[in-house]
Amino acid sequence: TIDPSETSGTLDFGSRAMKVKTNAVVNTSTVVLDAAALAADLSDALRLRAEGGIGGQLLALEAELKERGGMMEALERQAIEAAKAKEAEVAAARAAAEEEGAA
């Protein structure tokens with residue numbers, strides 16, 4: 001069976017597609033490659049990889065991150081302890097002030 005709305009839609013699409021204009025342009029810019037520099041970069045990367053330099057750097061960074069995470073946890077514990085001590089001081093000062101006011 002033929003669906004008139006599909007046929008109409010297809011014809012509309014074809015009509016719009018035929019109106020599309022293209023203008024191809026050839027890229028004429030030149031790219032200068034320094035083969036020696038590229039070879040040196042590749043050589044350095046391969047050397048680091050073979051020596052474990054890249055992996056070694058990654059391991060060192062992970063160790064430093066872990067160490068700093070531990071330091072951060074210690075600082076957070078100190079801050080919590082300091083806040084508790086300060087709260088205790090404030091509570092003691094209030095209690096002393098209330099005793100003086102009651103006397």
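Predicted model only: the values in this text are computed from it and were never measured. (Residues numbered from 1 in each chain as written. Predicted model: local features only at pLDDT ≥ 70, side-chain atom pairs only at ≥ 80, totals over all residues. Heavy atoms only, no water.)

Visitor: What is the right way to read the overall build of the protein chain from this model?
Guide: A tally of regular secondary structure across the protein chain gives three helices and zero strands. Along the protein chain, helices (α) and strands (β) appear in the sequence α-α-α when read from the amino end. Computed over the C-alpha atoms, the radius of gyration of the protein chain is 37 Å, more than 25% above the 13 Å expected from 2.2 N^0.38 for a compact globule of 103 residues. Its C-alpha atoms give the protein chain principal-axis dimensions of roughly 100 × 60 × 35 Å. Out of the 103 residues in the protein chain, the part that is buried amounts to 1%. Per element, the accessible surface of the protein chain, about 9,700 Å² overall, is 61% carbon and sulfur. Considering the protein chain, the positive charge centre built from 11 side chains and the negative charge centre built from 18 side chains are found 8 Å apart. (Helix = DSSP H or I, 4+ residues; strand = E, 2+ residues; numbered from the N terminus. Rg over C-alpha atoms; globule rule 2.2 N^0.38 Å. Buried < 20%, exposed > 50% of the residue type's maximum accessible area, 1.4 Å probe, protein only. Areas by Shrake-Rupley, 256 points an atom, 1.4 Å probe, with all protein chains shown as cover. Lys, Arg positive; Asp, Glu negative; His and termini not counted. Charge placed at Lys NZ, Arg CZ, Asp CG, Glu CD.)

Visitor: I would appreciate a short explanation of the pattern of salt bridges in the present structure.
Guide: Using the criterion set out here, one finds one salt bridge in the structure. One salt bridge connects E64 with R68, and the closest N-O pair in it is separated by 2.7 Å. Remark: R68 and E64 occur in helix 3 (residues 53–102); sequence separation between them is four residues, near one turn of the helix. The exposure class of E64 is partly exposed, given its relative accessible area of 35%. (Salt bridge = Lys/Arg side-chain N within 4 Å of Asp/Glu carboxyl O.)

Visitor: Can you walk me through the environment of N23 in this structure?
Guide: By the element assignment, N23 lies in the loop between helix 1 (4–18) and helix 2 (35–51). The class of N23 is exposed, set by a relative accessible area of 68%. Residues N23 and A83 lie 60 residues apart in sequence; the distance between their C-alpha atoms is 71 Å.

Visitor: Help me understand a nonpolar patch on the surface in this model?
Guide: Nonpolar side chains collect at one region of the surface, where V31, L33 and L38 lie side by side and expose about 340 Å² of accessible area between them. Summarising the element assignment, L38 is placed in helix 2. Judged by relative accessible area, which is 48%, L38 ranks as partly exposed. (Patch = residues over 30% accessible without salt bridge, like charges linked within 9 Å, V, L, I, M, F, W, Y side chains within 5 Å.)

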